[in-house]
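Observations on chain architecture
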Amino acid sequence: AVVSTQSTGFSRTPGEVKSNTGEPSQYLHHTLKWLKPDNIKDRDKRKPDHEDYDRTTLHVPPDFLNKCTPGMKQWWGIKSKHFDLILFFKVGKFYELYHMDAEVAVKELGLIYMKGNFAHCGFPEKAFGRYSETLVQKGFRVARIEQTSRPGDAGFKNKPVSREVCAVITKGTKTHGVLEGQSPEVQNCYLLSVCENDDQYG
């Protein structure tokens, strides 16, 4: 099922490129120079050829964030810390995906782009298990972003609700329950943890 986005602070993003029909001829994230392979940097502004480059993070320029709505600024803030994950971003009773994550969802899950000035799509919260399971089986890693406050809560009036990464789902970390799809396993799944201490690893 495809849902329309209500007024959630995600309705305007700078830099859209529209065709003569009013629909985007290319989505915003395709036009951002700092997302191009030659320009991309991690959160510490290191390029991919740097020996300490962290491909799991992303540098998002402050001047770009300052032009975003509060809700989209929140999304980019989380994405910058978890660039290697597909964010299932809770908005009310739905999970929504934006920009490059929306592209993955449309291609791999068969979702449909919503109308708007940037790439986004979504699905009802009850479908989380099915869709997260599908992406994990295809080799993606999924982050479940939940709302940790409610509109009108003390300290959040006229602000976007707070959101946090509540689960990271991979082949090694997924558990089977209502949220994760309840699909039977046909092979073992393994999780490796490495601890670094100076020049020692364990």
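Here the structure is shown first, and the text comes after it.
To start, this report covers the structure provided alongside it. Predicted model only: the values in this text are computed from it and were never measured.

With that settled, the discussion passes to the overall build of the protein. Each helix and strand in the protein was counted, giving five helices and nine strands. Across the protein, helices and strands are ordered from the amino to the carboxyl terminus as β-β-α-α-α-β-β-α-β-α-β-β-β-β. The proportion of buried residues among the 202 residues of the protein is 40%. A total of about 12100 Å² of accessible surface is found on the protein, and carbon and sulfur atoms cover 49% of it.

Attention now moves to helix H4 (residues 99–109). Looking only at H4, the buried set comprises His99, Met100, Asp101, Ala102, Val104, Ala105 and Leu109. Along its buried surface, H4 packs onto helix H1 (28–31), helix H3 (70–81), strand S3 (86–91), strand S4 (94–98), strand S5 (120–124) and helix H5 (128–137). The first or second residue beyond H4 is Gly110, which carries a positive phi of 75°.

Summarising the element assignment, Lys79 is placed in helix H3. On the accessibility criterion, Lys79 (1% relative accessible area) is buried. Those residues within four positions of Lys79 in sequence are excluded, and the remaining contacts are Leu85, Leu87, Met100 and Asp101.

Residues Leu192, Val194 and Tyr201 make up a contiguous nonpolar surface patch of roughly 400 Å² in combined accessible area. Relative to the helices and strands, Val194 is located in the loop between strand S7 (163–169) and strand S8 (196–197). Residue classification places Val194 among the exposed residues on the basis of a relative accessible area of 58%.

What follows deals with the packing of aromatic side chains. Tallied over the full model, the rule gives 14 aromatic pairs. Aromatic pair Phe88 and Phe123: ring centres 5.2 Å apart, planes at 70°, arrangement edge-to-face. Of the two residues, Phe88 is situated in strand S3 and Phe123 in strand S5; the sequence distance between them amounts to 35 residues. Look at Phe88 and you get buried, because its relative accessible area is 0%. Note on Phe88 and Phe128: the rings are 5.6 Å apart at their centroids and 90° apart in plane angle, and the pair reads as edge-to-face. Residue Phe88 is found in strand S3, and its partner Phe128 is found in helix H5; the two are separated by 40 residues along the sequence. What makes Phe128 buried here is its relative accessible area of 0%. By way of ring pairs, the aromatic residues Trp34, Phe64, Trp75, Trp76, Phe89, Tyr98 and Phe118 are connected into one cluster. The ring of Tyr131 carries Arg130 above its face, with NZ or CZ at 4.6 Å from the centroid. The ring of Phe128 carries Arg144 above its face, with NZ or CZ at 5.9 Å from the centroid.

What counts as what
Residues numbered from 1 in each chain as written. Predicted model: local features only at pLDDT ≥ 70, side-chain atom pairs only at ≥ 80, totals over all residues. Heavy atoms only, no water. Helix = DSSP H or I, 4+ residues; strand = E, 2+ residues; numbered from the N terminus. Buried < 20%, exposed > 50% of the residue type's maximum accessible area, 1.4 Å probe, protein only. Areas by Shrake-Rupley, 256 points an atom, 1.4 Å probe, with all protein chains shown as cover. Contact = heavy atoms within 4.5 Å. Patch = residues over 30% accessible without salt bridge, like charges linked within 9 Å, V, L, I, M, F, W, Y side chains within 5 Å. Salt bridge = Lys/Arg side-chain N within 4 Å of Asp/Glu carboxyl O. Phe/Tyr/Trp six-rings, centres within 6.5 Å; stacked < 30°, edge-to-face > 60°. Lys NZ or Arg CZ within 6 Å of the ring centre and 35° of its normal.

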